[in-house]
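Fold and geometry: a report
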Amino acid sequence: MYAPPVQRLITELGKLPGIGQRTAQRLAFHILRTDAEDALGLADAIREVKERIRLCEVCFNLADEPRCRICQDERRDTELICVVEEPGDVIPMERTHEYRGRYHVLGGALSPIDGVDPEDLKIAELYARVDAGGVREVVLATNPTTTGEATALHIAAALRERSPDVAVTRLASGLPVGADLEYADEVTLGKALVGRRAL
Ligand SMILES: [Zn+2]
């Protein structure tokens, strides 16, 4: 129906989450109308993140250096590790201004049905960080969803066994059940963090 380059753009845009066929078409026509500088700026931004952004070697947050900014920040409490599912979950936690420790990004949540097993996540890397010592508390801030809860329980059980001296806590309730952390407002999330309970 369209010239192949236009069809290709629509197909690529349609692969984005939440973008259906109609929206993909609308965005493609918007890009076609946009002047070259803006359109190529978008293409360049995509290329740059793919070339420059990697995962932090310590916590697996996004980084443009071997270590992310949070792991490089000497003022952060190194004895506290907050475990989240995705790099996008670090931002809402930071926005609460209640948390001064470091993070560990799992890269997802356990979901046997979808074939996501412990080896598919950065769980062994978390245990290695805790085993290395100097950790006082692990805050499990996975999403309050079925898979997020299952992941928190799995990690809590393993840590109790491996590192009985380390406190393992979970964000307090008050978070909307079934919702992702990134959609929680910072006041609710901040209260959930302050009221975290032992697991
Ligand atoms: Zn890091």
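Scroll up to find the structure this text is about.
Residues numbered from 1 in each chain as written. Predicted model: local features only at pLDDT ≥ 70, side-chain atom pairs only at ≥ 80, totals over all residues. Heavy atoms only, no water.

1. Description of the pattern of salt bridges
Our working definition: Should a side-chain nitrogen of Lys or Arg be within 4 Å of a carboxyl oxygen of Asp or Glu, the pair is scored as a salt bridge. Here the term buried applies to any residue with accessible area under 20% of the maximum for its type, exposed to any over 50%, and partly exposed to those in between, with areas from a 1.4 Å probe on protein chains only.
Applying the stated criterion across every chain yields a total of 12 salt bridges. Between E12 and K15 there is a salt bridge, with its nearest N and O atoms 3.1 Å apart. Among the salt bridges present, the one from R69 reaches D64, with a minimum N-O distance of 3.3 Å. What makes D64 partly exposed here is its relative accessible area of 27%. Because the salt bridges share partners, they merge into one network encompassing E48, R52, D64 and R69.

2. Considerations on a nonpolar patch on the surface
Note the cut-off: Each patch is built from residues lacking any salt bridge and having more than 30% relative accessible area; the joining distance is 9 Å for like charges and 5 Å for nonpolar side chains (Val, Leu, Ile, Met, Phe, Trp, Tyr). Areas reported as accessible are Shrake-Rupley estimates using a 1.4 Å probe. Residue values count occlusion only from the protein chains shown. What counts as a helix is a DSSP run of H or I of at least four residues, what counts as a strand is a run of E of at least two, and both are numbered from the N terminus.
Together, V49, I53, L55 and L62 make up a nonpolar patch on the protein surface, roughly 330 Å² of accessible area in all. For V49, the position within the fold is in helix 3 (residues 36–52). Looking at V49, the relative accessible area reads 46%, which means it is partly exposed.

3. What to know about the packing of helix 6 (residues 123–131) against helix 7 (residues 146–162)
How we decide: Only C-alpha atoms enter the line fits that serve as axes; for helices the fit covers just the stretch in contact. Angles between N-to-C directions range over 0 to 180 degrees. Should an angle fall under 35 degrees it is called roughly parallel, over 145 degrees roughly antiparallel, and 65 to 115 degrees roughly perpendicular, with every other angle called oblique. Each helix crossing is assigned a hand: it is left-handed if the near helix lies turned anticlockwise from the far helix by less than a right angle, otherwise right-handed if that turn is clockwise. The contact criterion used throughout is that any non-hydrogen atoms of two residues lie within 4.5 Å. Each residue receives one of three labels: charged for Asp, Glu, Lys and Arg, nonpolar for Ala, Val, Leu, Ile, Met, Phe, Trp, Tyr, Cys and Pro, and polar for the others, Gly being one of them.
Close contact between helix 6 and helix 7 brings their axes to 11 Å; oriented N to C, the two are set at 30°. Classified by the angle between their axes, helix 6 and helix 7 sit roughly parallel to one another. The way helix 6 lies across helix 7 gives a crossing that is right-handed. Here I123, L126, Y127, V130 and D131 of helix 6 lie close against helix 7, whose contacting residues are H154, I155, A158, L159 and R162. When grouped by side-chain class, the residues that make up the contact of helix 6 with helix 7 number seven nonpolar, one polar and two charged.

4. Section: the coordination of the zinc ion
Defined as follows: Distances up to 2.8 Å from the metal define which N, O and S atoms are donors, and 3.2 Å serves for Na, K and Ca; water is absent from the atom set, so sites may look incomplete. Think of it this way: with four donors and all angles in the 85 to 135 degree range, the site is tetrahedral; with four or six donors, opposite ones beyond 155 degrees and the rest between 65 and 115, it is square planar or octahedral; otherwise it is irregular.
Taken together, C56 (SG), C59 (SG), C68 (SG) and C71 (SG) make up the protein donors of the zinc ion, found 2.2 to 2.3 Å from the metal. Given four donor atoms and angles of 104 to 117° at the metal, the environment of the zinc ion is assigned as tetrahedral. Sequence spacing among the residues donating to the zinc ion works out to C-x2-C-x8-C-x2-C. Take C56 and C59: they sit in the same class, and that class is buried.

5. What about the pairing of strand 6 (residues 167–170)?
Heads up, the rule is: We treat two strands as partners when DSSP finds at least two bridges between them. Handedness rule for crossovers: strands pointing away from the viewer, path from the first strand over the helix to the second running clockwise, crossover right-handed.
Judged from the four bridges that link them, strand 5 (residues 137–140) and strand 6 form a sheet pairing that is parallel. In the sheet register, E137 faces strand 6, and the bridge partner there is A167. Handedness of the β-α-β unit built from strand 5, helix 7 and strand 6 comes out right-handed. Bridge count for strand 6 against strand 7 (residues 197–198) is two bridges, and the pairing is antiparallel. Residue pairing across strands places R170 opposite R197, the latter belonging to strand 7.

6. Considering the state of the cysteines
Put simply, the rule is: Here, two cysteine sulfur atoms that lie within 2.5 Å of each other are counted as a disulfide.
Enumeration according to the criterion identifies zero disulfides in this entry. Cysteine C82 shares no disulfide, and the gap to the nearest cysteine sulfur, in C59, comes to 11 Å.

7. Quick notes on the packing of aromatic side chains
What counts here: Each Phe, Tyr or Trp ring (for Trp, its six-membered ring) is paired with any other whose centre lies within 6.5 Å, and the angle between the two planes then decides the class: stacked below 30 degrees, edge-to-face above 60, tilted in between.
The full count for this structure, using the stated rule, is two aromatic pairs. Relative to F29, the ring of Y2 lies with its centre 5.6 Å away and its plane at 70°, an arrangement referred to as edge-to-face. Of this pair, Y2 sits in the segment before helix 1 (4–14) while F29 sits in helix 2 (residues 21–33), and the two are 27 residues apart along the sequence. By relative accessible area, Y2 is classed as partly exposed at 27%. Under the relative-accessibility criterion, F29 is labelled partly exposed at 32%.

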